[in-house]
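Coordinates in review
As a plain string of letters, each chain reads:
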Amino acid sequence: MKKILIAGNWKMNKLSADAEEFIKELRAKNLPNEKDICILAPFTLIAGVGEALEGSEIGFGAQNVHFEESGAFTGEISVPMLKELGVTHCIVGHSERREYFNETDDTVNRKLMALLAAGITPILCVGESLEVREGGGEQTFVAGQLIADFSGISASDAAKIVIAYEPIWAIGTGRTATPEQAEEMCAFIRGVLSGIYDMATGDSLMILYGGSMKPGNAKELLEKPDINGGLIGGASLKADDFAAIAEAAASL
Ligand code: PGA
């Protein structure tokens, strides 16, 4: 059976009452695959989401983290701070952070190492812009990101990283990659990691697709052999939509 992760990226949305209601609704659905689901919340909501999830197998975590353990980094949140809240997952290198907040492959690499050392599962985002895709350079671009982001990371640690292929042109645009485009890149990513490490590492890696995944298109994407789930933005904000995607995964 293929390993699956359905991860909800709330981005900068929701206040605590709404978050609590969402978790209540989601838990009430008694999804058979709770262990394959996680919610990535804004920092202010993480503790509350964790409490609301107590006794459930649904994971939860953050959308970013700083790579240093502590110190004079005003406004930042460290890995030990997340660890204290019991988080299971953390997004690293989302394209919005790369574009608006100066995230580079170097900081992404340091964040991956800090999370791995603490036993938190990183969800590493990679993906090309529309300009790069139209120029036919998407594979070269994504391979470059992977080589830089995995630099100095051992094979056993690499196998613990979840990769999310998120073509920037499909994020929040309603323009989903076709299942064939998504599968082609996810298979390519698996191949790149098999090349950097070995076949066993490449085969065991979890690779998600992200970019306008919703209840109506989830199944055809999730059915593809190299796609191990989804990183879902807009459609993770409503419990009904998010649960429908999780149900599509459970029915595979
Ligand atoms: P979207 O966002 O599902 O709203 O396109 C996905 C993401 O940015 O992780």
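Report follows, based on the coordinates. (Residues numbered from 1 in each chain as written. Predicted model: local features only at pLDDT ≥ 70, side-chain atom pairs only at ≥ 80, totals over all residues. Heavy atoms only, no water.)

Focus: the pairing of strand 3 (residues 59–62)
Basically, it comes down to this: For two strands to be treated as a pair, DSSP must find at least two bridges joining them. Under the DSSP-based scheme used, a helix requires at least four consecutive residues in state H or I and a strand at least two consecutive residues in state E, with every element numbered from the N terminus. Every crossover in which the path from the first strand over the helix to the second runs clockwise, viewed with the strands pointing away from the viewer, is termed right-handed.
Where strand 2 (residues 37–40) lies against strand 3, 3 bridges are found, and the strand directions are parallel. Bridged to Cys-38 within strand 3 is Gly-59. Each parallel crossover has a hand, and for strand 2 linked through helix 2 (residues 43–52) to strand 3 it is right-handed. With helix 3 (residues 79–84) bridging strand 3 and the parallel strand 4 (residues 89–92), this β-α-β connection has right-handed handedness.

Re helix 9 (residues 179–196)
Here is the rule we go by: Under the convention used throughout, the expected extent of a helix is 1.5 Å for every residue step, that is, one less than its residue count. Note on exposure labels: buried denotes an accessible area under 20% of the residue type's maximum, exposed denotes more than 50%, and partly exposed covers the range between, all computed with a 1.4 Å probe on protein chains only.
Spanning 18 residues, helix 9 covers 26 Å between terminal C-alpha atoms, matching the ideal 26 Å at 1.5 Å per step. Within helix 9 the residues assigned to the buried category are Pro-179, Ala-182, Glu-183, Met-185, Cys-186, Ile-189, Arg-190, Val-192, Leu-193 and Ser-194.

Overview of the site of the ligand
We count it as follows: Near is defined per residue: the residue qualifies when any heavy atom it owns lies within 4 Å of the molecule or strand. Side-chain atoms alone can form a polar contact between residues adjacent in sequence; in general such a contact is a pair of N or O atoms within 3.5 Å, and within protein one must be able to donate a hydrogen while the other accepts it. What sets the accessible areas is the Shrake-Rupley method with a 1.4 Å probe; for residues, cover comes only from the shown protein chains. In this classification, Asp, Glu, Lys and Arg are treated as charged, Ala, Val, Leu, Ile, Met, Phe, Trp, Tyr, Cys and Pro as nonpolar, and every other residue, Gly included, as polar.
Near the ligand you find 13 residues, and of these Lys-11, His-94, Glu-166, Gly-172 and Ser-212 are the closest. In the environment of the ligand, an oxygen atom lies 3.4 Å from a nitrogen or oxygen atom belonging to the side chain of Asn-9. With respect to the ligand, the side chain of Lys-11 contributes an N or O atom lying 2.7 Å from an oxygen atom. Considered on its own, the ligand offers 280 Å² of accessible surface; in the complex 95% of this is hidden by protein. The residue inventory of the shell around the ligand, partitioned by class, reads 4 nonpolar, 7 polar and 2 charged.

Quick notes on the pattern of salt bridges
The test is simple: A carboxyl oxygen of Asp or Glu within 4 Å of a side-chain nitrogen of Lys or Arg is what we treat as a salt bridge.
The full count for this structure, using the stated rule, is 15 salt bridges. Glu-96 is the salt-bridge partner of Lys-11, the closest N and O atoms lying 2.8 Å from each other. Highlighted residues: Lys-11 in the loop between strand 1 (5–9) and helix 1 (16–28) and Glu-96 in helix 4 (residues 95–100), separated in sequence by 85 residues. For Glu-96, a relative accessible area of 27% puts it in the partly exposed group. A salt bridge links Arg-133 to Glu-128; the shortest N-O distance between them is 2.7 Å. Just as Arg-133 is buried, Glu-128 falls in that class too.

Thoughts on the packing of helix 5 (residues 105–118) against helix 7 (residues 138–149)
The cut-off we apply is this: Here an axis means a line fitted to C-alpha atoms, over the contact stretch when the element is a helix, while the angle between two N-to-C directions is reported on a 0 to 180 degree scale. Reported orientations rely on four angle classes, namely roughly parallel under 35 degrees, roughly antiparallel over 145, roughly perpendicular from 65 to 115, and oblique for the rest. The handedness criterion is simple: a crossing whose near helix is rotated anticlockwise from the far helix by less than a right angle is left-handed, and one whose near helix is rotated clockwise is right-handed. Note on contacts: a residue pair is in contact if any heavy atoms of the two residues lie within 4.5 Å.
At a closest axis distance of 8 Å, the pairing of helix 5 and helix 7 adopts a crossing angle of 50°. Regarding the angle of helix 5 to helix 7, the classification is oblique. Judged by the sense of rotation from one axis to the other, the crossing of helix 5 with helix 7 is right-handed. From helix 5, Asp-105, Val-108, Asn-109 and Leu-112 reach across to helix 7, where they touch Gln-145, Ala-148 and Asp-149. Of the residues assigned to the contact of helix 5 with helix 7, the class counts are 3 nonpolar, 2 polar and 2 charged.

Quick notes on the sheet that holds strand 6 (residues 162–165)
Around the barrel, which closes on itself, the 8 strands sit in the order 1-2-3-4-5-6-7-8 with parallel pairing between neighbours. Pairs of neighbouring strands in the sheet enclose a mean axial angle of 25°, with direction left out of account. As paired elements, strand 1 and strand 2 share 4 bridges and run parallel to each other. By the bridge assignment, Ile-6 is partnered in strand 2 with Ile-37.

Side note on the environment of Met-81
By the secondary structure assignment, Met-81 is in helix 3. Here Met-81 falls in the partly exposed class, since its relative accessible area comes to 42%.

Section: the nonpolar core
Basically, it comes down to this: In these notes, a set of buried Ala, Val, Leu, Ile, Met, Phe, Trp, Tyr and Cys residues joined through side-chain atoms within 4.5 Å is what counts as a nonpolar core.
Ile-163 and Ile-189 are the most contacted members of the largest nonpolar core, which has 68 residues in total. Here this core takes 7 residues from helix 12 (residues 239–250), the largest share from any one element. Ignoring sequence-local partners within four residues, the contact set of Ile-189 consists of Val-126, Val-142, Leu-146, Ile-163, Tyr-165 and Ile-207. Formed by 12 residues, the second largest nonpolar core is a distinct cluster that contains Ala-7, Val-162, Ala-164 and Leu-208.

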